[in-house]
Amino acid sequence: CRCCADSRRHSSILYNILRSEEREASPAGQGPRRGQASRGCPCGSRRRVALRSPQVACKAASAVLVKTLRFVQNVPCFQELPLEEQLLLVRSCWAPLLVLGLAQDRVHFETVECAEPSMLQRILTTRRQGEQPPPRGPAPGRPHHGPDGGGPHLPSAGEIQAIKGFLAKCWSLDISTKEYAYLKGTVLFNPDLPGLQCTQYIEGLQREAQQALNEHVRLIHRGDEARFAKLNVVLSLLRSINANVIAELFFRPIIGAVNMDDMLLEMLCAKL
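The following refers to the structure shown.

What counts and what doesn't
- Residues numbered from 1 in each chain as written.
- Predicted model: local features only at pLDDT ≥ 70, side-chain atom pairs only at ≥ 80, totals over all residues.
- Heavy atoms only, no water.
- Buried < 20%, exposed > 50% of the residue type's maximum accessible area, 1.4 Å probe, protein only.
- Helix = DSSP H or I, 4+ residues; strand = E, 2+ residues; numbered from the N terminus.
- Polar contact = N/O pair within 3.5 Å; in protein donor to acceptor, adjacent residues only side chain to side chain.
- Salt bridge = Lys/Arg side-chain N within 4 Å of Asp/Glu carboxyl O.
- 1 Å grid on protein atoms, 1.4 Å probe; cavity = no way out; pocket = protein on both sides within 12 Å on 5 of 7 lines; lining within 4 Å.
- Points joined across faces, edges and corners; volume = space filled by probe spheres on them.
- Nonpolar A, V, L, I, M, F, W, Y, C, P; charged D, E, K, R; others polar.

1. Structural notes on helix H12 (residues 243-250)
Then comes step 1: H12 sits mainly inside the fold: six of its eight residues count as buried.
Then comes step 2: Listing the buried residues of H12 in full gives Val245, Ile246, Ala247, Glu248, Leu249 and Phe250.
Then comes step 3: Its side-chain oxygen 2.8 Å from the backbone nitrogen of Asn244, Asn242 forms the N-cap of H12.

2. Description of the pattern of salt bridges
Then comes step 1: Enumeration over the complete set of coordinates arrives at eight salt bridges.
Then comes step 2: The salt bridge partner of Arg47 is Glu113, with a shortest N-O separation of 3.9 Å. Of this pair, Arg47 sits in the loop between helix H3 (36-39) and strand S1 (49-51) while Glu113 sits in strand S2 (residues 111-113), and the two are 66 residues apart along the sequence.
Then comes step 3: Assessed through its relative accessible area of 37%, Arg47 is described here as partly exposed.
Then comes step 4: One salt bridge in this structure joins Arg91 and Asp261, with 3.7 Å as the shortest N-O distance. Highlighted residues: Arg91 in helix H6 (residues 83-104) and Asp261 in helix H14 (residues 260-269), separated in sequence by 170 residues.
Then comes step 5: Judged by its relative accessible area of 33%, Asp261 is partly exposed.

3. Some remarks on the layout of surface pockets
Then comes step 1: In this structure, the second largest pocket occupies an estimated 360 Å³ of space.
Then comes step 2: Lining the second largest pocket are 17 residues, with Val187, Asn190, Leu235, Leu238 and Arg239 positioned closest to its centre.
Then comes step 3: Of all elements in the fold, only H6, helix H9 (177-188) and helix H11 (227-237) reach the threshold of two or more residues within the lining of the second largest pocket.
Then comes step 4: With six residues, H6 is the largest single contributor of residues to the lining of the second largest pocket.
Then comes step 5: Within the lining of the second largest pocket, the residues separate by chemical class into nine nonpolar, six polar and two charged.

Written out as structure tokens, the structure reads:
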């Protein structure tokens, strides 16, 4: 990013001294590891964040999840599917459905930046302890595992901003209860998932949800010919929502290391 490019142009004496000290403190013959520069990026979107009031936000998100699964269970066409198909659909779409529910219930949440030790603090700590510089990473908290399967880490400000941007978009459109229901139906019945057996049936259900949304918009919003397209933009924004981020942000603080698949199966089979 641009801020990374700017940071490489630093030429102050203090900066060069700190960089020199860090290189001397690192193992002999070992250069900077791949991706090391990105960890020191001052770009705000990469900074790690946590919920300001986790108890309040997590309680609200849990209530929305219960309401979301209750909505899914009450869809007659969904109940006609085999349990394996139901679970496959829910596993793939629970996060976007939850975010739609957060938007519908107008759930607000705030985050705070998790402070990381500066380069100078790390060097001074290393000198006092006589150890190698500790790897720079996020502060302890509720981490989520990255796609590389490596260590857990806190959600980034950029990931949280994607969620908040989606919520703001929904609120700006003042989406009605029926519109939310049709949007949820479109998300729920995704025929493109690998492993589905009732693909044509599910594809038909998704098409029906889109048609019902279109007819509703034409009836209620006759003066807004672009509203249907705007609502479809909302659906496209859901693709940027990371399910792991949602799980770790809203559920890890209250139930620890959570296996969402197990929890969804238990909730899906229960009478909510």
